[in-house]
Amino acid sequence: MQEELIEKVINIEKQAQSLKGDISREIKELEKKYEKRMAREEKLKIEKDEKEGEKIIAESKEGAVKFATNLEEESKNEIKKIDADYQKIKADLLKKYFDKIVDSGR
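Okay, so let's go over this structure.

How each quantity is defined
- Residues numbered from 1 in each chain as written.
- Predicted model: local features only at pLDDT ≥ 70, side-chain atom pairs only at ≥ 80, totals over all residues.
- Heavy atoms only, no water.
- Helix = DSSP H or I, 4+ residues; strand = E, 2+ residues; numbered from the N terminus.
- Expected span 1.5 Å × (residues − 1).
- Bend = angle between axes of the 7 residues up to and from the residue.
- Patch = residues over 30% accessible without salt bridge, like charges linked within 9 Å, V, L, I, M, F, W, Y side chains within 5 Å.
- Areas by Shrake-Rupley, 256 points an atom, 1.4 Å probe, with all protein chains shown as cover.
- Salt bridge = Lys/Arg side-chain N within 4 Å of Asp/Glu carboxyl O.

**What about helix H1 (residues 2-104)?**
Residues spaced three or four apart along an α-helix point in a common direction, a consequence of the helix completing one turn every 3.6 residues. Over its 103 residues, H1 extends 144 Å from the first C-alpha to the last, a length consistent with the 153 Å expected when each residue adds 1.5 Å. At Ile89, H1 is deflected by roughly 40°, the largest bend along its length.

Laid out in structure tokens, this is it:
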């Protein structure tokens, strides 16, 4: 009877060791799966962030091009306005200086 109990205890101990080994292997497998999943998710996040960054850069570049185009157009319009103002007074200025030159010669 005592031998049977000892054998049962030994069998229980063997089963416990076997279960412990199984659990350890299962934990290691789950850790590997988790690490792979985390690496995959990190890669996807990096790709997503890169795409978002490229989108932001493209939008910024587009905005800068629009701003530069508007600024160039405004500059052209301002130059045209200044030129038009100059053309309006050019004849008067030439006459004024011509008269001064003629008057100074007398």
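**Section: a nonpolar patch on the surface**
Taken together, the side chains of Tyr86, Ile89, Leu93 and Tyr97 make up a nonpolar region of the molecular surface, amounting to roughly 380 Å² of accessible area. Here Tyr86 is to be found in helix H1.

**Brief notes about the pattern of salt bridges**
Counting across every chain of the model gives six salt bridges. Between Lys66 and Glu62 there is a salt bridge; the shortest N-O distance is 3.4 Å. Placement of the pair is Lys66 and Glu62 together in helix H1, with a separation of four residues, close to one helical turn. Measuring nitrogen to oxygen at the nearest pair gives 3.7 Å for the salt bridge that ties Lys76 to Glu72.

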